[in-house]
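One letter stands for each residue in the lines below.
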Amino acid sequence: MIVHDRLRLIATEEAFTTPEQVDAMRALARSTWHDADLRLWREASRGDDAASTRTRIVSAIYDRMADIESGRLADMDANDVDMHLLLLTAPGVQLFDPDTATAIAASSNDRLAQAIRLHPDRFAGLATVAPQDPKRAAVEVERAVRKLGLNGIVINSHTDGEYLDDQKFWPIFEAAVACDAAVYIHPRNLPEPAGRYYVGAMDLNGAIFGFQAEAGLHAMRLITCGVFDRFPTLKIVLGHLGEALPFWLYRLDYMYRKYPARPGFTKTQLLPSEYFKRNFLITTSGVSYHPTLRYCHEVLSADNIMFAIDYPYQESPEAVAFMRSAPLPRADLEKIAHGNAERIFHIAPTPVKVG
Ligand code: MN
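Residues numbered from 1 in each chain as written. Predicted model: local features only at pLDDT ≥ 70, side-chain atom pairs only at ≥ 80, totals over all residues. Heavy atoms only, no water.

Engineer: Lay out unusual backbone geometry in plain terms, naming residues and giving numbers.
Structural biologist: Each neighbour pair has its own omega, and for E192 with P193 the value is 5°, a cis peptide bond. Cis geometry is adopted by the peptide bond preceding P312, which originates at Y311 and carries an omega value of -5°. Tracing the backbone shows P312 in the loop between β9 (305-306) and α14 (316-324). In this structure, D310 is a non-glycine residue whose phi angle is positive, near 80°. You can see D310 is positioned in the loop between β9 and α14. (Helix = DSSP H or I, 4+ residues; strand = E, 2+ residues; numbered from the N terminus.)

This is how it looks when you write it as structure tokens:
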């Protein structure tokens, strides 16, 4: 096994939080509202002496997310991770009313830009926008990318059960394309009532399985709705090695040819796999597994895959060891470890050191 040291690593799905997001999420967590995305926040909020081991573990994750400059940089240094591409942790601002969501998105983007200004060689970041108000979200895309210099945008899948294939959201895509900003579709729990069917012997509506089902569904709704015919250069990023879609490409194409479009829709110009290869990039977040990586490398090419850790939900040492020992040609590994992230998120390549 070859282990590649001196490999520049840009991790592209790294979570942070802000005091504004924490306060607003904790306020919701104290309410009686049922939303599966409140579960972890509720567990983290039970900060009494009788707190369970589980509560302490979850609380520690939120502490690590809130800590951008000390613990995070120490973790990056200890694991030779060059950069984190930061995103406001799921579900971002998508549980809030439109005004609160828009305000917290803006404050998060301001804080993110400040952290990047302080450490431009260590951090890049994706802007949070509030799909609850698509027109103001489009304005925030422009502000965050053109004025704050952020590197793309993140949306945490559905918003109150609505998906971005609905044309009312397309001002966001229009702004993203105009700014050459990739859109990272990060998972969250499935909405009700779908979510309840993911609860069996375990609650599967979460990172164990439901996240992948939800984000994969979101991607398929986009692929089949015609958004990539309207915006051929739109770039979508999926975590978790493509939320299982790469595994299904043959079947998706086969069945797509057989299925009629629903009334009011026309079939897209290309097949699902053709959009997936042209408009999507995937990251390795949470999947430190060489067989899946090799498969995606063969089916999608090295140009469509980017390294990610999913810090602090997943641990850096395992993800870094996975990347450095990946059984791929060195040139392809360079693309996956950092080159594609530099290209897609407009991150400056390493300055060449003279002497
Ligand atoms: Mn994540």
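From this point, things continue past the structure.
Engineer: Explain the nonpolar core to me, using residue names and the numbers behind them.
Structural biologist: The biggest cluster of nonpolar side chains holds 93 residues, and the ones touching the most others in it are F173 and M323. Beyond its immediate sequence surroundings of up to four residues, M323 is in contact with L7, L9, L293, F307, L333, I336 and A337. Core analysis: the next-biggest nonpolar cluster, separate from the first, contains 16 residues, M83, L126, V154 and F345 among them. (Core = buried A, V, L, I, M, F, W, Y, C linked by side-chain atoms within 4.5 Å. Buried < 20%, exposed > 50% of the residue type's maximum accessible area, 1.4 Å probe, protein only. Contact = heavy atoms within 4.5 Å.)

Engineer: How would you summarise the pairing of strand β1 (residues 10-16) if you had to cite specific residues and measurements?
Structural biologist: Walk down a regular strand and you will see the side chains alternate between the two sheet faces. A large share of β1 lies buried, amounting to seven of its seven residues. Bridge count between β1 and strand β2 (residues 83-88): five bridges; the pairing is parallel. Counterpart to F16 in the pairing with β2 is L88. (Pairing = 2+ DSSP bridges.)

Engineer: Give a description of the coordination of the manganese ion that names residues and reports values.
Structural biologist: Taken together, the protein donors to the manganese ion comprise E13 (OE), H186 (NE2) and D310 (OD), at separations of 2.0 to 2.3 Å. Sequence positions of the residues that donate to the manganese ion give the spacing E-x172-H-x123-D. Placement of H186 in the loop between β6 (183-185) and α8 (210-225) and of D310 in the loop between β9 and α14 is noted, with a sequence separation of 124 residues between them. Like D310, H186 is buried. (Donors = N, O, S within 2.8 Å, 3.2 Å for Na, K, Ca; no water.)

Engineer: Lay out the layout of surface pockets in plain terms, naming residues and giving numbers.
Structural biologist: Space inside the largest pocket adds up to approximately 910 Å³. Along the wall of the largest pocket there are 27 residues; nearest its centre are L217, M220, R221, T224 and L252. If you list the elements that add at least two residues to the lining of the largest pocket, you get α8 and α11 (245-258). Top contributing element to the lining of the largest pocket by residue count: α8, with eight residues. (1 Å grid on protein atoms, 1.4 Å probe; cavity = no way out; pocket = protein on both sides within 12 Å on 5 of 7 lines; lining within 4 Å. Points joined across faces, edges and corners; volume = space filled by probe spheres on them.)

Engineer: How would you summarise the packing of aromatic side chains if you had to cite specific residues and measurements?
Structural biologist: Where two aromatic rings form a pair, the distance of their centres and the angle of their planes describe that pair. With the rule as written, the count across this model stands at eight aromatic pairs. Judged by centre distance (4.4 Å) and plane angle (50°), the ring pair of W41 and Y62 falls under tilted. Taken together, the positions of W41 in helix α2 (residues 39-45) and Y62 in helix α3 (residues 53-66) put the pair 21 residues apart, joining distant regions of the chain. Overall, the relative accessible area of 2% leaves W41 in the buried class. Using a relative accessible area of 6% as the deciding quantity, one classes Y62 as buried. Ring geometry for F247 and Y295: centres 6.3 Å apart, planes at 55°, overall tilted. (Phe/Tyr/Trp six-rings, centres within 6.5 Å; stacked < 30°, edge-to-face > 60°.)

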